[in-house]
Amino acid sequence: MSQKVLLNAKEVNIILHRLACQLIENHNDFSNTVLIGLQPRGVFLADRLAKILTEDYKVKNIKLGHLDITFYRDDFRRGEKTLRANTTKINFIVEDKNIVFVDDVLYTGRSIRAALTAIQSFGRPNEIELLTLIDRRFSRHLPIQPNYRGRQVDVINNEKVKVNWKEHDNEDSVYLIEK
Amino acid sequence: MSELSVNHLLGIKYLNKQDIQLIFETADHFKEVINRPIKKVPSLRDITIANLFFENSTRTKLSFELAEKRLSADVINFSSAQSSVKKGETLIDTVSNILSMKVDMVVMRHPNPGAGVFLSKHVNASIINAGDGAHEHPTQALLDSYSIRERLGDVKGKKVVIVGDILHSRVALSNIFALQLQGAQVMVSGPKTLIPKYIDKLGVKVETNLRKALNWCDVANMLRVQNERMDISYFPSTREYTQQFGVNKDLLDSLDKEITIMHPGPINRGVEITSDVADSKQSIILDQVQNGVAVRMAVIYLLASKIKQ
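Here the structure is a predicted model, which is why all the values come from computation and not from measurement.

Q: Even after reading the chapter, I still don't get the overall build of chain A, so can you show me in this structure?
A: The helix and strand tally for chain A stands at four helices and eight strands. For chain A, the succession of helices and strands along the chain, N to C, is β-α-β-α-β-β-α-β-β-β-α-β. For chain A, with 179 residues in total, the buried portion stands at 36%.

Here it is as structure tokens:
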């Protein structure tokens with residue numbers, strides 16, 4: 001198993017600040033915007049972005065939620081393993097809100113499809129956008145594209161993109177791992 | 001541990017500790033789901049479940065049906081009162097006929113102990129036992145333990161007394177297995193005539209003095225007096241039962257500590273517990289009902305995920 005560094009900590013940091021600025025450009029003071037991190041790995045990115053927006057750009061009252069899509073996936077009973085759920089934490093109604101889905105890697109688009117269904121349980125949003133740190137090109141199964149992307153990469157199918165976070169994996173980095 | 005060790009839920013006896021842990025963790029997520037504005041997930045949209053009730057039930061049936069619908073399963077209902085069972089059809093024939101309509105899972109309540117086990121050996125579907133005679137009622141025991149875990153943080157190390165008609169109770173047996181599996185201590189209390197002779201062989205304490213039992217415990221699970229299952233008189237009168245084994249507010253307030261009161265329902269108000277106890281802050285009876293849906297969703301979800309396409 002070989003691995004290659006796609007992004008190091010410094011590059012991740014620069015990209016996160018750029019993404020934060022792009023969000024501010026479109027959402028101003030975030031008064032009607034909510035960030036929704038997708039479980040399991042998108043929540044680290046969402047938490048980090050919220051922190052940067054609050055601390056570095058002084059945006060007040062960022063609404064942040066975590067959404068688990070397990071029960072909305074389209075591969076129930078199709079794999080070997082039982083799908084284990086994660087915690088959903090959305091303690092507000094998303095009716096008429098502008099939502100930004102946040103996930104680490106966009107691959108087939110199926111998770112996003114599930115998230116689009118899942119979020120409807122919390123109301124009818126005004127609009128939904130998608131932010132991903134890594135966009136894997138040429139691998140989509142569904143017509144889904146990000147509105148904000150950190151880095152676009154070309155990855156062949158037997159390779160995997162792994163995003164690490166300081167809070168969870170001791171470093172900020174993105175690796176390309178050959179299976 | 002990400003899947004159950006069993007393909008059917010026939011009784012707590014067949015589960016291990018990790019199974020219960022997995023069911024509870026999954027139920028936590030479903031409890032969050034059923035408190036959303038839209039309380040439904042699409043997971044089981046290609047699963048059909050038959051609810052076969054060969055014995056009367058209101059809340060268990062409603063709870064199962066709601067759990068199934070919240071998971072988007074297709075549901076068919078059957079109760080023996082209006083069926084061919086009355087015309088002499090056997091259990092296997094009845095169920096095989098239903099399964100030939102492409103049903104994936106069966107939730108069954110039956111008056112005969114072991115009916116679920118018997119069926120699981122003869123038909124090709126996941127079976128959930130919703131009560132078989134005086135044998136087991138596993139989902140009730142799971143939701144009881146789940147409610148204790150929710151109220152007291154953990155089941156391990158807790159002292160639970162089950163009060164009332166232990167002899168005819170499937171809830172009591174399943175609860176004993178479930179609680180012991182999770183490391184709780186269990187005591188039973190009730191009229192001697194309603195306590196099975198060899199219950200101590202299960203490692204259960206027996207105490208016929210209710211006050212002593214309540215002073216020992218953290219949680220009291222009050223069972224209903226099941227008059228419909230009693231062929232002879234087991235105690236002189238309901239009034240005498242209430243005097244000796246009924247819990248009222250005065251008794252509760254006179255104890256050394258604040259205990260938690262549970263009841264699997266339906267309550268005979270004024271017999272096993274008085275209204276002010278049932279409606280008090282110490283009672284988690286309505287939490288049990290809500291948790292019942294979440295726990296049953298977890299059981300159905302986890303079993304359904306083992307059904308191969």
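Q: How do you make sense of the sheet that holds strand 6 (residues 148-153) of chain A when you look at a structure like this?
A: Strand pairing within a sheet occurs via backbone hydrogen bonds; the two strands may be parallel or antiparallel. Residues and elements named next belong to chain A. Across the sheet, which stays open at both edges, the five strands sit in the order 3-2-4-5-6 with parallel pairing between neighbours. Both outer strands of the open sheet, strand 3 (63-67) and strand 6, are each paired with one neighbouring strand and no more. The sheet shows a mean angle of 25 degrees between the axes of neighbouring strands, direction not considered. In this fold helix 3 (residues 110-119) packs onto strand 2 (33-38), strand 3, strand 4 (98-106) and strand 5 (127-136), with an angle of close to 155 degrees to the strand it touches most, strand 4.

Q: How should the domain arrangement of chain B be read in this particular structure?
A: Bring the parts together and some accessible area is lost; that lost area is often taken as the interface size. Residues and elements named next belong to chain B. Taken domain by domain, chain B consists of domain 1 (12-136 + 289-304) and domain 2 (138-287). A straight line from the C-alpha centre of domain 1 to that of domain 2 covers 25 Å. Counting residues at the interface gives 23 residues for domain 1, matched by 22 residues for domain 2. Mapped onto the side of domain 1 that touches domain 2, the elements with two or more residues apiece are helix 1 (17-33), strand 4 (126-132) and helix 11 (285-304). If you tally residues by element for the side of domain 1 that touches domain 2, the top one is helix 11, at seven residues. Split by residue class, the side of domain 1 that touches domain 2 holds ten nonpolar, seven polar and six charged.

Q: Is there a simple way to explain unusual backbone geometry in this structure?
A: Trans is the prevailing form of peptide bonds, just as negative phi is the prevailing case for residues other than glycine. Along the chain, A:Gln39 connects to A:Pro40 via a cis peptide bond; the corresponding omega equals 0 degrees. Along the chain, A:Pro40 turns up in the loop between strand 2 and helix 2 (42-55). B:Pro266 follows B:Gly265 through a cis peptide bond whose omega is -10 degrees. One non-glycine residue, A:Asn170, lies in the positive phi region at around 75 degrees. Inspection of the secondary structure assignment puts A:Asn170 in the loop between helix 4 (166-169) and strand 8 (173-178). We classify A:Asn170 as exposed; it has 9 C-beta atoms within 10 Å. Although it is not a glycine, B:Lys102 adopts a positive phi angle of roughly 65 degrees.

Q: I keep staring at the nonpolar core and nothing clicks. Help me out?
A: Generally speaking, soluble globular proteins have nonpolar side chains that are buried together. Ranked by internal contacts, the top residues of the largest apolar core, which has 136 residues, are A:Ile36, A:Phe101, A:Val102, B:Ile23, B:Ala220 and B:Ala298. Looking at this core element by element, the count peaks at eleven residues for helix 11 of chain B. Here this core spans two domains, and each of domain 1 (12-136 + 289-304) and domain 2 (138-287) of chain B adds at least three residues to it. Dropping the residues within four chain positions of it, A:Val102 is found in contact with A:Leu35, A:Ile36, A:Gly37, A:Leu38, A:Gly42, A:Leu45, A:Ala46, A:Leu49 and A:Leu131.

Q: It is not clear to me how the sheet that holds strand 4 of chain B should be interpreted in this structure. Could you clarify?
A: All names here are of chain B. Here we have four strands laid out as an open sheet, ordered 2-1-3-4, and parallel in their pairing. Each edge of the open sheet carries a strand with a single partner, namely strand 2 (74-79) and strand 4. For this sheet, the mean inter-axis angle between neighbouring strands, taken without regard to orientation, is 15 degrees. Examined bridge by bridge, strand 1 (residues 48-53) and strand 3 (residues 105-110) share five bridges and lie parallel to one another. Within the sheet, the bridge partner assigned to Ile49 lies in strand 3 and is Met105.

Q: How should I be thinking about the packing of helix 1 (residues 9-27) of chain A against helix 2 of chain A in this particular structure?
A: Any two packed helices are characterised by the angle at which their axes cross and by the distance between the axes. Residues and elements named next belong to chain A. It is at 10 Å that the axes of helix 1 and helix 2 come closest, and there the two elements cross at 70 degrees. Taken together, the axes of helix 1 and helix 2 lie roughly perpendicular to each other. Note on element contacts: helix 2 touches helix 1 through Arg48, Leu49, Ile52 and Leu53, opposite Leu16, His17, Leu19, Ala20 and Leu23. Class assignment of the residues belonging to the contact of helix 1 with helix 2 gives a composition of seven nonpolar, one polar and one charged.

Q: How do you make sense of the packing of helix 1 of chain B against helix 11 of chain B when you look at a structure like this?
A: All names here are of chain B. In contact at an axis separation of 8 Å, helix 1 and helix 11 are set at 120 degrees when each is read in the N-to-C sense. Put simply, helix 1 runs oblique to helix 11. Of the two possible hands of crossing, helix 1 and helix 11 adopt the one that is right-handed. Facing Leu22, Ile23, Thr26, Ala27, Phe30 and Lys31 of helix 1, the residues of helix 11 in contact are Asn291, Ala294, Val295, Met297, Ala298, Val299, Tyr301 and Leu302. The residue makeup of the contact of helix 1 with helix 11, split by class, is eleven nonpolar, two polar and one charged.

Rules and cut-offs
- Residues numbered from 1 in each chain as written.
- Chains lettered and ligands numbered in written order.
- Predicted model: local features only at pLDDT ≥ 70, side-chain atom pairs only at ≥ 80, totals over all residues.
- Helix = DSSP H or I, 4+ residues; strand = E, 2+ residues; numbered from the N terminus.
- Buried ≥ 20, exposed ≤ 12 C-beta atoms within 10 Å, placed from the backbone.
- Pairing = 2+ DSSP bridges.
- Axes fitted to C-alpha atoms, helices over the stretch in contact; angles between N-to-C directions.
- Contact = placed C-beta atoms within 7 Å.
- Domains from an automatic or database assignment.
- Nonpolar A, V, L, I, M, F, W, Y, C, P; charged D, E, K, R; others polar.
- Core = buried A, V, L, I, M, F, W, Y, C linked by C-beta atoms within 7 Å.
- Parallel < 35°, antiparallel > 145°, perpendicular 65-115°, else oblique.
- Left-handed = near helix turned anticlockwise from the far one by under 90°.

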